[in-house]
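Structure at a glance
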Amino acid sequence: VQLVESGGGLVQPGGSLRLSCAASGFTFSSYAMSWYRQAPGKERESVAGITSAGGSRNYADSVKGRFTISRDNPKNTVYLQMNSLKPEDTAVYYCNAIVGGRYYWGQGTQVTVSS
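**Digging into the overall build of the chain**
For the chain, the helix and strand inventory stands at 0 helices and 11 strands. Starting at the N terminus, the α and β elements of the chain follow one another as β-β-β-β-β-β-β-β-β-β-β. Taken over the C-alpha trace, the chain has a radius of gyration of 13 Å; the compact-globule value for 115 residues is 13 Å, and the two agree within 12%. Judged by the C-alpha coordinates and their principal axes, the chain covers about 40 × 25 × 20 Å. A burial count over the chain gives 42% of its 115 residues as buried. The contacts of the chain with a sequence gap of at least 6 include a subset with a gap of at least 24, amounting to 51%.

What follows is the structure, given as structure tokens:
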């Protein structure tokens, strides 16, 4: 299993970013996918999740109405559209898959929200 995130960067408050996670090594369309984030000095937290066919999504209260998780199964990719970004969204964002009962993580992509 390999997960590769991209799309992070520096953005001003109120701005937008779209993160991508390219997956390989497993049958992507059969598994739910999630995004997590970890800010300096804090524990890793769940941000959003999406079921295998994309029919159901869930979000942390802190990002509801601002972030949207989606997936493109033919492309083996999951996305996180982040709008109205706030300084408190600054973190390393990780893609996650649970395959065969094991948690898999990408290397993470840094998102910094600052003026």
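**Looking at the packing of aromatic side chains**
According to the stated counting rule, one finds 5 aromatic pairs in the structure shown. Ring geometry for tyrosine 36 and tryptophan 105: centres 4.9 Å apart, planes at 80°, overall edge-to-face. Taken together, the positions of tyrosine 36 in strand β4 (residues 33-38) and tryptophan 105 in strand β10 (residues 102-105) put the pair 69 residues apart, joining distant regions of the chain. When its relative accessible area of 17% is taken as the criterion, tyrosine 36 is described as buried.

Analysis parameters
Residues numbered from 1 in each chain as written. Predicted model: local features only at pLDDT ≥ 70, side-chain atom pairs only at ≥ 80, totals over all residues. Heavy atoms only, no water. Helix = DSSP H or I, 4+ residues; strand = E, 2+ residues; numbered from the N terminus. Rg over C-alpha atoms; globule rule 2.2 N^0.38 Å. Buried < 20%, exposed > 50% of the residue type's maximum accessible area, 1.4 Å probe, protein only. Contact = heavy atoms within 4.5 Å. Phe/Tyr/Trp six-rings, centres within 6.5 Å; stacked < 30°, edge-to-face > 60°.

Remember that the coordinates give geometry; whether it matters functionally is a separate question.
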